[in-house]
Number of protein chains: 2
Amino acid sequence: MPREITGFSNPLIKRVRSLREKKHRKREGHFLAEGLRILTEAEQAGHLPVLLFYAAESADHPIVRRLIAATEANGGEVIETIPDILHKLSGKENPQTVIGVYPDQLTPLAALDRSKSDIWLVVQSMRDPGNLGTILRTGDAVGAGGVIMIDDCVDPFSVEAVRASMGALFTQSITTARWEEFMEWLRSGPGQLVGTSLNTTHDYQGPRYDSPTFLLVGNEAKGLPLDYEQSCDLLVKIPMLGKADSLNAAVATAVMAYEILNQKRDRG
Amino acid sequence: MPREITGFSNPLIKRVRSLREKKHRKREGHFLAEGLRILTEAEQAGHLPVLLFYAAESADHPIVRRLIAATEANGGEVIETIPDILHKLSGKENPQTVIGVYPDQLTPLAALDRSKSDIWLVVQSMRDPGNLGTILRTGDAVGAGGVIMIDDCVDPFSVEAVRASMGALFTQSITTARWEEFMEWLRSGPGQLVGTSLNTTHDYQGPRYDSPTFLLVGNEAKGLPLDYEQSCDLLVKIPMLGKADSLNAAVATAVMAYEILNQKRDRG
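From a predicted model like this one, the values you see are computed outputs, not experimental measurements. (Residues numbered from 1 in each chain as written. Chains lettered and ligands numbered in written order. Predicted model: local features only at pLDDT ≥ 70, side-chain atom pairs only at ≥ 80, totals over all residues.)

Let us now look at the overall build of chain A. Within chain A one finds 10 helices and 11 strands. Its C-alpha atoms give chain A a radius of gyration of 20 Å, near enough to 18 Å, the size a compact globule of 268 residues would have. Across its three principal axes, chain A shows a C-alpha extent of roughly 60 × 35 × 35 Å. Here chain A holds 268 residues, and the buried ones make up 47% of them. Taking the intrachain contacts of chain A between residues at least 6 apart in sequence as the baseline, contacts between residues at least 24 apart amount to 80%. (Helix = DSSP H or I, 4+ residues; strand = E, 2+ residues; numbered from the N terminus. Rg over C-alpha atoms; globule rule 2.2 N^0.38 Å. Buried ≥ 20, exposed ≤ 12 C-beta atoms within 10 Å, placed from the backbone. Contact = placed C-beta atoms within 7 Å.)

Okay, structure coming up:
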C-alpha cells in the first residue's frame, strides 16, 4: 500500500531532495530519475526504484499504476504525494508526475566484456552533464557496450545527466577509470583506440575501423591531452567547413559513433 | 577611451542585464554574447558589439585589446568594469572576461539565396536553447546555408543558445517562418525537403540527396506533425539498435547533416 506524504518538512522528503547534490548522492549511493518516459525505460531495462513518488491525481494513469505495482512487487516503497513536493524534489517548474530513487551502479573495468559490442564510448574529462547524458543516449542508440569515463568527468547520476540520457543511463553500463588503468585493461585484449582530434588530417571516413572500436573523445574545451592522443591507434578528424574549429562534444561523439556503426552494418 | 562603470545600480548595467530576458531582448533588439572565444568568432564574421564590457584586470590581454580597438573603431562603446558586474550581467558563477551587446539579426525568408549552399537546416518547434545553439554550431561546421526556424521555437538569442552556438550564431543566417510561408517559398525554387521521422523504414543512408537539401527536424518530444511529414519529399530514419526510440534532436540533426555533407563531398 502506498504511503502518503504531503508535508515539506518530512525527513524522507529532505533526504530525497538532497540527492540533487553530488555529495549526498555519493553518501547515499542513490540518485533521482524523473518522468514516465525515463522510469519506463528503466523498468524495461530491469531497474525498479527503491522509492517511487507519484502525484495523487495521476494514480489512475495506466503507466503509473504499472510502475507502482512493479515497484511494490520488487520490495520498493511507494509514496503518494502532491505536485508541490514533486516540484521540490525535482527542482523543475513543471514537475514530472513520477520520481524514482535508484541505486547508482558503476561497472568495474574488470567486469566489462569487450566482446559484447563493436563500439565502446570513452570520454575524458567530460564536464557538461547534458553532454554526458546525450552521449549515454547515443551509446544506447548505436548499441555501444557502454561508456567509460576517464579522469575528472561530471557525475553521470546528476539530475541533468539523467534527464539528458532519457533513460539510457539504465541501459548503458558506466565505468570510471584512471587513464593508466584504462590503457592497461585495453591492451590486455583486442580493441582499437580511436581518438577524435584537431591535430590530424586523417578524415574520419578514411579508415576501416576494427572491432571492438574504443572511441575516445576529450574535454569540451581542451580536447584530449597530447600524450593520450599519442597512445591512440588512430587519430581522426571530422571535417568542418565553417568558421568554428570544433563541434559540440556530444555531436562529435555521435557523428563518429554512427560512422563506426555504419561501417560495421555495411559489412553485414 | 573606455568609460568605467563599477556601480551595480548604474542604469546601463540594469538595462544590459535585462537582455537576459526575452521580452527585453525583443524590446531592445539586442542580445548578449560572452567570452573571448565567441566574441572573436563574431569579429571574424564581421560582427562587432555596440557595447563591450571587459574586466579591468584583463585590459592587457592581447585579444581583449584587439576587441576594444575594433569596437571603438566601429563606433561601439567600450566599458571597463569589475568581475562582480560581469557576473551580474552574465549570471555565471565564473563570468567571462568580456561581454558584448549585439543587434539581433534575422534574415527574411525572401532574402535567402538557396543556391549558396547544398545543405539547409530547418527546425520545427525546437524548445531547448542548448539544442538550437548546438544545431547552429553544426550548421556552421557542415557549411549549411543557415537555420530556418518553423513554428514556436526557443529564442536563438537567449544566453543559453548563444553559448551553445559557440559563435555560430554570427556565421549562420537565422530565419523564422510559419510553415505555410516556408513551404510556399521552398516550392518556388529547387530544393528537396527531407524529414527525419520514426514513422518510416527508409534508412537515412539509402537515398542520394539532391542539392540543396532542406533537412527538417521536429520538436524534441513530439517529432514532426503528421501533415508536415506528408509534405516532405522524403522521410528517413536513423537506425537505432538500443532500447530508446529516439536520439537527442541536435544529435539527430548532426548525424543527418554529416550524411548529406559526406554524400556531396564524395561526389566531388
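Interface extent is often summarised as the accessible area lost during association of the parts. Counting from both sides, the interface comprises 29 residues of chain A and, opposite them, 29 residues of chain B. Tallied by class, residues from the side of chain A that touches chain B come to 14 nonpolar, 11 polar and four charged. (Nonpolar A, V, L, I, M, F, W, Y, C, P; charged D, E, K, R; others polar.)

This brings us to the domain arrangement of chain A. Residues and elements named next belong to chain A. Splitting chain A by domain gives domain 1 (3-103) and domain 2 (109-267). Centre-to-centre, using C-alpha coordinates, domain 1 lies 31 Å away from domain 2. Listed by partner, the interface residues are 13 residues for domain 1 and nine residues for domain 2. Listed by contribution, the elements that provide at least two residues to the side of domain 1 that touches domain 2 are α2 (22-28), β2 (30-34) and α3 (36-44). By residue number, the principal contributor to the side of domain 1 that touches domain 2 is α3, which donates four residues. Class assignment for the residues of the side of domain 1 that touches domain 2 results in six nonpolar, two polar and five charged. (Domains from an automatic or database assignment.)

Of the transformation placing chain A onto chain B, the axial shift is 0.0 Å and the rotation is 180°, giving an RMSD of 0.0 Å. Expressed as an axis order, the relation between the two copies is that of a two-fold axis. (Least-squares fit on C-alpha atoms with pLDDT ≥ 70 in both.)

Our focus in this paragraph is the sheet that holds strand β11 (residues 234-236) of chain A. Residues and elements named next belong to chain A. One open sheet holds the six strands; their spatial order is β8-β7-β6-β10-β9-β11, and the pairing between them is parallel. The sheet terminates laterally at β8 (173-177) and β11, the two strands that pair on one side only. Each strand of the sheet is rotated relative to its neighbour by a mean of 25°, with strand direction disregarded. Note: strand β6 (residues 119-124) against strand β7 (residues 146-150), four bridges, orientation parallel. By the bridge assignment for β7, L121 is matched with V147. Lying over the sheet, helix α8 (residues 179-186) contacts β7, β8, β9 (192-196) and β10 (213-217), oriented at roughly 135° with respect to β7. (Pairing = 2+ DSSP bridges. Axes fitted to C-alpha atoms, helices over the stretch in contact; angles between N-to-C directions.)

The next point concerns the sheet that holds β2 of chain A. All names here are of chain A. Here we have five strands laid out as an open sheet, ordered β1-β4-β3-β5-β2, and mixed in their pairing. In the strand order of this sheet, the two ends are held by β1 (3-4) and β2, each with one partner. Relative to strand β5 (residues 98-103), α3 is tilted by about 40°, and along the sheet it contacts β2 and β5. Lying over the sheet, helix α5 (residues 83-90) contacts β2, β3 (51-55), β4 (77-81) and β5, oriented at roughly 130° with respect to β3.

Attention shifts here to the pairing of β3 of chain A. Residues and elements named next belong to chain A. Burial within β3 is extensive, with four of its five residues counted as buried. Relative to β4, β3 runs parallel, the two sharing five bridges. Counterpart to L51 in the pairing with β4 is E77. Bridge count between β3 and β5: four bridges; the pairing is antiparallel. Each residue of the ladder has a partner; that of Y54, found in β5, is V98.

The next thing to look at is the packing of helix α3 (residues 36-44) of chain B against helix α4 (residues 62-73) of chain B. Packed helix pairs are characterised by how far apart their axes lie and by the angle those axes make with each other. Residues and elements named next belong to chain B. At a minimum axis distance of 11 Å, the contact between α3 and α4 shows a crossing angle of 45°. One way to sum up the angle between α3 and α4 is to call them oblique. Here α3 runs over α4; the crossing is left-handed. Touching L36, L39, T40 and E43 of α3 are I63, L67 and A70, all from α4. (Parallel < 35°, antiparallel > 145°, perpendicular 65-115°, else oblique. Left-handed = near helix turned anticlockwise from the far one by under 90°.)

The next point concerns the nonpolar core. V123, L215 and A257 of chain A together with V123, L215 and A257 of chain B are the most contacted members of the largest nonpolar core, which totals 158 residues. Ignoring sequence-local partners within four residues, the contact set of A257 of chain A consists of I119, L121, T138, V142, A144 and L215 of chain A. (Core = buried A, V, L, I, M, F, W, Y, C linked by C-beta atoms within 7 Å.)

It is worth spelling out the pairing of β8 of chain A at this point. Two faces belong to every sheet, and in a regular strand the side chains alternate between them. Residue and element names in this part refer to chain A. A large share of β8 lies buried, amounting to four of its five residues. As paired elements, β7 and β8 share five bridges and run parallel to each other. Across the sheet, the residue bridging to I150 is A177, located in β8.

Another aspect to go through is helix α4 (residues 62-73) of chain A. Residues and elements named next belong to chain A. Between its terminal C-alpha atoms α4 stretches 16 Å, which fits the 16 Å expected from 12 residues at 1.5 Å a residue. Looking at α4, one finds that the buried residues are L67, I68 and T71. Axial view of α4: buried residues confined to an arc of 100°, hence all on one face. For α4, the exposed residues set more than 90 degrees away from the buried face come down to P62, R66, A69 and A73. Structurally, α4 contributes buried residues whose contacts are with α3, β3, β4 and β5. In the stretch just after α4, G75 is the one whose phi turns positive, near 90°. (Expected span 1.5 Å × (residues − 1). Arc of directions from axis to C-beta.)

Of note, the bond from S211 of chain A into P212 of chain A is cis; its omega dihedral lies within 30 degrees of zero at -10°. Inspection of the secondary structure puts P212 of chain A in the loop between β9 and β10. Unlike most non-glycine residues, D151 of chain A shows phi in positive territory, near 60°. For D151 of chain A, the position within the fold is in the loop between β7 and α7 (159-165). Even without being a glycine, S125 of chain B presents a positive backbone phi close to 50°. Inspection of the secondary structure assignment puts S125 of chain B in the loop between β6 (119-124) and α6 (129-141).

Residue and element names in this part refer to chain B. Structurally, the position occupied by L198 is in the loop between β9 (192-196) and β10 (213-217). Judged by the 13 C-beta atoms lying within 10 Å of it, L198 falls in the partly exposed class. In this structure, the C-alpha to C-alpha distance between L198 and H87, residues 111 residues apart in sequence, is 43 Å. Contacts of L198, omitting those with residues within four sequence positions, involve G223, K237, D245 and S246.

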